[in-house]
Amino acid sequence: MSLKAVLLDFNGTVINDEDLHQQLIEQLLVEENLRPDPREINQVCLGRSDRACIAELLQLRGRVISDGYLDQLIARKAQNYQTRMASFDALPFYGGLDDLIYKIRSAQLKLAIVSGACRSDIDWVLARTRFQDLVSVIVSADDLSREASKPEPDGFLLAIERLKQQFPALKLAPEDCLAIEDSFAGIE
């Protein structure tokens, strides 16, 4: 057994945008005539997909919504995310990220992103980096059901499966991978 791949979380690991996500979720709740509670948002949302987070927040407030309406809310939040990020002078990447990516590349490890973020958010941010082409696989919230959100391992397992399909000679197994996470849900 040797290290062959790194599975990297995105929000809170690559980019320091968790406060922005909280603000956007609070804004979404206000637009839905609901009162946000920052402690509840942290408890329900941190490390989980937007789909799981928003659905649970609405459910806790007695709202029953269709999957189609949930999709609309998530699309609205994603558009607001990109608008706000575009207004920043510089994207808030974590220090040391360039060095980490360099070390992953130097060790000839495969790199995957496994995130509860929307694919459009990840693609938008990566398009503004130097290492976009170094990411072999992206697994986002769009690839998983609400029930498969972290702490369930489905995202990591899907990333491994996609890496195996893309690089069959690796004979990749979960024990050959290093997952880098920042949230309790992701670590679990």
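The preceding data block contains the structure.
Numbering of residues begins from 1 in every chain and follows the order in which that chain's sequence is written. Confidence filtering applies because this is a predicted model: local features only for residues at pLDDT of at least 70, side-chain atom pairs given and counted only at 80 or more, and all residues used for totals across whole chains, interfaces and linings. The basis for the side-chain values is all heavy atoms of the structure; hydrogens and waters are excluded.

We count a stretch as a helix when DSSP gives it H or I for four or more residues in a row; a strand needs E for two or more, and each element gets its number in order from the N terminus. Each helix and strand in the chain was counted, giving 8 helices and 4 strands. Reported as C-alpha extents along the three principal axes, the dimensions of the chain are approximately 50 × 35 × 25 Å. The proportion of buried residues among the 188 residues of the chain is 44%. For the chain, the proportion of contacts with a sequence separation of at least 24, taken over those separated by at least 6, is 71%. In the structure as shown, the chain presents an accessible area of about 10,000 Å², 49% of it carried by carbon and sulfur atoms. Exposure categories follow from relative accessible area, calculated using a 1.4 Å probe and restricted to protein chains: below 20% of the type maximum is buried, above 50% is exposed, and the middle band is partly exposed. Working rule for contacts: check all heavy atoms of both residues, and any pair within 4.5 Å makes them a contact. Surface accessibility follows the Shrake-Rupley procedure with a 1.4 Å probe radius. Residue values consider only the protein chains on display as shielding.

Turning our attention to the pairing of strand β2 (residues 110-114). Within β2, 4 of the 5 residues are buried, which leaves it mostly tucked inside the rest of the structure. Pairing analysis gives 4 bridges linking strand β1 (residues 5-8) to β2, with the strands arranged parallel. Considered in β2, the bridge of L7 is made with A112. Whether two strands pair depends on DSSP finding at least two bridges between them. Judged from the 3 bridges that link them, β2 and strand β3 (residues 137-139) form a sheet pairing that is parallel. The residue of β3 that forms the bridge with V114 is V139. Assessed by its sense of winding, the connection that carries the chain from β2 through helix α6 (residues 119-126) to β3 is right-handed. With strands facing away from the observer, any crossover in which the path from the first strand over the helix to the second runs clockwise is taken as right-handed.

Below, the discussion takes up the packing of helix α2 (residues 38-45) against helix α3 (residues 50-60). Where helices are involved, their axes are fitted lines through C-alpha atoms of the stretch in contact, as for all axes, and angles between N-to-C directions lie from 0 to 180°. Two elements in contact, α2 and α3, have axes separated by 9 Å at closest approach and are oriented at 130°. Compared by their axis directions, α2 and α3 come out oblique. For the element pair α2 and α3, the recorded crossing hand is right-handed. Contacts between α2 and α3 involve E40, I41, V44 and C45 from the former and C53, E56, L57 and L60 from the latter. By the definition adopted for this analysis, an angle is roughly parallel if under 35 degrees, roughly antiparallel if over 145, roughly perpendicular if from 65 to 115, and oblique otherwise. Put simply, a crossing is left-handed when the front helix is turned counterclockwise from the back one by less than a right angle, and right-handed when it is turned clockwise.

Before going further, it helps to spend a moment on helix α5 (residues 97-106). Regarding α5, the residues found buried are L97, I101 and I104. With its buried residues spanning 60° around the axis, α5 presents them on a single face. Looking at α5, the residues exposed on the side facing more than 90 degrees away from the buried face are Y102 and K103. Considering only its buried residues, α5 is in contact with β1 and β2. Of the residues one or two after α5, Q108 is the one with positive phi, at around 55°. Each direction from the helix axis to a C-beta atom contributes to the arc, which is the arc of those directions.

What follows is about unusual backbone geometry. Even without a glycine there, the phi angle at Q108 is positive, about 55°. The residue Q108 is located in the loop between α5 and β2 in this model. On the basis of relative accessibility, which here comes to 70%, the residue Q108 falls in the exposed class. Unlike most non-glycine residues, K171 shows phi in positive territory, near 50°. Relative to the helices and strands, K171 resides in the loop between α7 (154-166) and β4 (177-180). The class of K171 is exposed, set by a relative accessible area of 67%.

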